[in-house]
Every structure is written in structure tokens, then in C-alpha cells.
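Remarks on the overall topology
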Amino acid sequence: MTRPNFLLLIADDHRHSAIGGLGLEPVETPTLDRLMAQGTAFTRAGIMGATSHAVCLPSRGMLLSGRGLFRTPDPLPLDAPLLPELLWQEGYETCGIGKWHNHSESYARCFSTGGKVFLGGMSDQYAVPVYPWAAVRTRDESRLEVHDAFSTTLFADEAITFLQSRSLDDEPFFAWVSFTSPHDPRTPPGDYATRYQAEDIELPDNFLAQHPFDLGISDIRDEVLAEQPRDEAEIRRHIADYYGMITHMDAEIGRILETLEQQGLADNTVVIYCADHGLALGQHGLMGKQNVYEHSLRIPLILRGPGIVAGQRSDALCYLHDLYPTLLERAGCALPETSEGFSLNALLAGQGTRHRRSLFAAWQPDQGHPGAQPHMRSLRGERFKLIESRVSGAARSQLFDLRADPLEMNDLSELRGYQHVMERMRARLRIWQCAAGDPLVSED
């Protein structure tokens, strides 16, 4: 059996709803819409949260290691076999391009070749400091380059160059193509800067001038990107620029996929489009992703390729790190015992509709003991979602009926008729915390 290639395209800050074909937000994404029509889209995929203000760091670590949040330290440990590392050991050519936020040592373990690599978390989109692939592997800091090409175009060009070097007779490949878009600074290039006009943007229904209570995050970097309380005109401008970044990235992804076709590689390549987390941009009075609301936890996740049902939209609850066993299984690789993900391959083949019964998530500023820190925990099931947060010793619970209230606008936690739901959800949350190795459990 011919082993498939893998082309993994990962965005930074792309929330689940900002894809035109879903009909949830007025953003143009013809390439991603076409990818959904040709493959399977998971509409309730998410991440397990973060133990860092830089949410992308643990999120990418979980994807790479297949482990849950509290067993994914930074830097990634040597006893956590990484997805590209295992594929390389099994004969794949592995190529790393674009943003890599998980240290040069991990990069060296993962990639047999590569393109321009950005080792930071964020940068000026027009002046990204990058290293050639070989310089990252040898830690040669003297070879730092700053390109004046827009970041998305720079990394798309690198991906195209790699694909043009491939032929059907080569060994299979895994390509990691990681964009810094649509992360701020939101400065869409050229005509994309004016594609969306702020005055035409409708604010989301769950827009608030400020969050209704203190989450302990109001002074962190993401939250001070806009005035507090939030100004409606300023939020509209942020959203317009965000859409411009996404539509431009969509066009660059189109160039990559066109090259895949031209090289005759598309039929045997699994294309994966995903993001590391979502973003608030005015929802609930927040700007960033350092919270456990749906707009920040949920991500786009689309797969297209051999054996994957076309035009399928799955609402199965799943995690980003479920990709780890999914891709290893498709490559015929043994799954390490350290993996905590569950393969999506049955769903991709159209077999069954459910995957996980619930999703646990957490946020806290660092991996250590969170007792004295602001922290949040959540559990979402098929219908209800519980959020528990604590700031300076003050605890707060929220309960949402996501079927009736997908934007999490109506807190049911104080209503008498929902107390049995609260008790059931709290019990399930504690079970999840114990299973996930949550340090809060040991501090109780």
C-alpha cells in the first residue's frame, strides 16, 4: 500500500467561525471553502487550553507530542516522540517551514529538510526574522535573515519550492507549513488592506464593552491591543483587518494547493488545515485567546485526501492533538504509549458520528502551581458547558446551554432548575482534571 504524503497547513489565531463557507462570518475564503467541499471539516474541534500567555506554544506542543496540556511542558521533553520525528524515523522526508514556537532543539529532532523558519511567537509581518533550515539544526545564529516579503507570502513561496522539488517516485513527505497570520500585527498587504471596510462590519452578538467580571487577564498583552472599555468602531477596525489577513492567507494557500496539483501529488496527499487556537476580538469584551470561551478554544480543522469523505461536516467533539494518532495510523506507524489523542480516521471514512463525550480545557499563566494565579477550567459536553474561574481567591462559575446559546451569552449557573446540571458537570470536570494531571487537583 502506498503511504500518503501529509501537507499540514497551520494558522495562528484563526478562530473556527471565520471561514466563509460555514456562513457564520462574512469573510471570503474560497480556497478553504473548496477544501471543505473536497474533504471533511470538523466543526467542533478545539484545543485543551494553555499554560502560557502565548497560547500557541502549548497548543502546538500538544499537536506535536500527542499529549494533553499538563503533560506537554516547555521545552518538549525527549521522552515525548514528536509527530514529524516519528515519520522521519519511518522513512518520510519531513520539511519544516514557517513559525516554529517550540525551540530549535525540537525542530532539529523533527525535520530532515526545510525552508525559512521563524523561531519566535510574533513579529512584524513585513520583517520576519528567519533562519534557513540548516541554521536552525546547527543553532547558527549568525545566519539570521530579515525578509521584506509579507510573512504569509514568504512561507507560501517556501512551501511551493519544496513541492516543486518532489516527484511521484520520491519517498513520502510530511510538510509543516506554519503561518504567522492572522495574528497581529494585523496589517494585510496590498488590496487586502481595504478589502473589508470597518464601517461595514457587524459586531458579533456577544460583543461587550467589557467582561462582566474580573478574569485576571485585563493587563496582559492581547487585552491591551484595544481600548478598555471596548470602543465599537475600534473593534470593527480590528475585525476588518483580521478578515483581510485571512482572505490573503486563503489566496496563498490556494497557490500551494495549485502547485500540489501541478506536481501530480494531490491524489496521494492528505492536506490538513488547522489553527493553534481561536481569538475573541471583542466577544465577551475580550481581545485575545487567554480564556476558555468557545471563540478562543475552537479551531478550524479540515482534512482532504485519499480515503477521506468529501463534503462531510462532522460535529464530533475532538481535539487538535487527535491529529497525532490520526496521521501516524495513516502512515502505518506504531502509536507511542505516550499518546493521549484518539484517531479520527473512522470519522474521516464516514463511519460513525461521535468521537469524544466531552472536552476539558484550562487556562493559567504558567505550567506551575496555579493556586495563587488567575485560572480557568471548563468542561463542554454535547449540550452544556461549565466554566469555573478564580481570581485573587474569588471563585466564579458559569453554565451555558450551547445548543440554545452557542455564543455563551446567557449564564444559567444561578438558576434553580439547572443545579442538577451544575452538580453533574462539576463531577465530570473533576474526573477530567484527575485524568489530565491538573495541578489544581493536588492543591485541593
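Let us look at the structure shown here. (Residues numbered from 1 in each chain as written. Predicted model: local features only at pLDDT ≥ 70, side-chain atom pairs only at ≥ 80, totals over all residues. Heavy atoms only, no water.)

1. Observations concerning the pattern of salt bridges
Following the criterion strictly, the structure yields 29 salt bridges and no others. The salt bridge partner of R230 is E223, with a shortest N-O separation of 2.6 Å. Taking the relative accessible area as the measure of exposure, R230 reaches 6% and is therefore buried. On the accessibility criterion, E223 (1% relative accessible area) is buried. The partner of E408 in a salt bridge is K385, and the shortest N-O contact between them spans 2.9 Å. Note that E408 is positioned in the loop between strand 17 (394-401) and helix 11 (419-436) and K385 in strand 16 (residues 384-391), a separation of 23 residues in sequence. Each of the two residues, E408 as well as K385, counts as buried. Because the salt bridges share partners, they merge into one network encompassing D13, D184, R221, D222 and K289. (Salt bridge = Lys/Arg side-chain N within 4 Å of Asp/Glu carboxyl O. Buried < 20%, exposed > 50% of the residue type's maximum accessible area, 1.4 Å probe, protein only. Helix = DSSP H or I, 4+ residues; strand = E, 2+ residues; numbered from the N terminus.)

2. Section: the side chain of R330
If you trace the backbone, R330 turns up in helix 9 (residues 323-330). Side-chain polar atoms of R330 contact the backbone oxygen of P306, separated by 3.0 Å. Beyond its immediate stretch of four places on either side in the chain, R330 contacts P4, F6, V270, P306, G307, I308, N345 and L348. (Polar contact = N/O pair within 3.5 Å; in protein donor to acceptor, adjacent residues only side chain to side chain. Contact = heavy atoms within 4.5 Å.)

3. Some points on the pairing of strand 5 (residues 93-99)
A regular strand places its side chains so that they alternate between the two faces of the sheet. Most of strand 5 sits out of view: seven of its seven residues are buried. As paired strands, strand 5 and strand 6 (residues 113-118) are joined by four bridges and run parallel to one another. Among the inter-strand pairings, G98 is bridged to a residue of strand 6, identified as V117. (Pairing = 2+ DSSP bridges.)

4. Brief notes about helix 9
Counting along an α-helix, one turn takes 3.6 residues, and residues three or four places apart therefore face a common direction. By the criterion of burial, helix 9 is predominantly enclosed, with seven of the eight residues buried. Every buried residue of helix 9 is accounted for by L323, Y324, P325, T326, L327, L328 and R330. Positive phi shows up at G332, right after helix 9, with a value of about 80 degrees.

5. Considerations on the pairing of strand 10 (residues 269-275)
Most of strand 10 is tucked away: seven of the seven residues are buried. Judged by which residues are buried, strand 10 turns out to be covered on both faces: T269, V271, Y273 and A275 on one side and V270, I272 and C274 on the other are all buried. In this sheet, strand 10 lies alongside strand 1 (residues 5-11) in parallel orientation, the contact comprising seven bridges. When the bridges of strand 10 are listed, N5 appears paired with T269. When strand 10 meets strand 11 (residues 301-304), the two strands line up antiparallel, connected through four bridges. What sits directly across from Y273, in strand 11, is I302.

6. Some remarks on empty space enclosed by the protein
This structure, assessed with the given rule, holds five cavities of 30 Å³ or more. Of the pockets and cavities examined, the largest cavity occupies roughly 80 Å³. For the lining of the largest cavity, the secondary structure elements donating two or more residues are helix 8 (294-297), strand 14 (359-363) and strand 15 (375-380). Considering only residue class, the lining of the largest cavity consists of six nonpolar, two polar and four charged. Each pocket or cavity is described by its volume, and for the second largest cavity that value is around 70 Å³. Considering the residues around the second largest cavity, the lining is formed by H16, I19, L22, M36, A41, F42, T43, I299, P300, L301 and I302. Breaking the lining of the second largest cavity down by element, the ones donating at least two residues are strand 2 (40-42) and strand 11. The residue makeup of the lining of the second largest cavity, split by class, is nine nonpolar, two polar and no charged. (1 Å grid on protein atoms, 1.4 Å probe; cavity = no way out; pocket = protein on both sides within 12 Å on 5 of 7 lines; lining within 4 Å. Points joined across faces, edges and corners; volume = space filled by probe spheres on them. Nonpolar A, V, L, I, M, F, W, Y, C, P; charged D, E, K, R; others polar.)

7. A few points about the nonpolar core
Ranked by internal contacts, the top residues of the largest apolar core, which has 60 residues, are F174 and L301. Sort the elements by how many residues they give to this core and helix 9 lands first, with four residues. Not counting residues within four places of it along the chain, the set of residues in contact with F174 comprises F6, L8, L83, P84, L87, Y92, E93, T94, C95, F111 and L327. (Core = buried A, V, L, I, M, F, W, Y, C linked by side-chain atoms within 4.5 Å.)

8. Topic: the sheet that holds strand 11
Taken in spatial order, the eight strands of this open sheet run 6-5-9-1-10-11-2-12, and their pairing is mixed. Among the strands making up the open sheet, the edge pair consists of strand 6 and strand 12 (312-314). For this sheet, the mean angle separating the axes of adjacent strands, direction not counted, is 10 degrees. Direction of pairing for strand 1 relative to strand 9 (residues 173-178): parallel, over a ladder of five bridges. What sits directly across from L8, in strand 9, is W176. Of the strands in this sheet, strand 5, strand 6 and strand 9 touch helix 6 (residues 151-164), which is tilted by about 165 degrees from strand 5. Strands strand 1, strand 9, strand 10 and strand 11 of the sheet are contacted by helix 9, whose axis makes an angle of about 175 degrees with strand 10. (Axes fitted to C-alpha atoms, helices over the stretch in contact; angles between N-to-C directions.)

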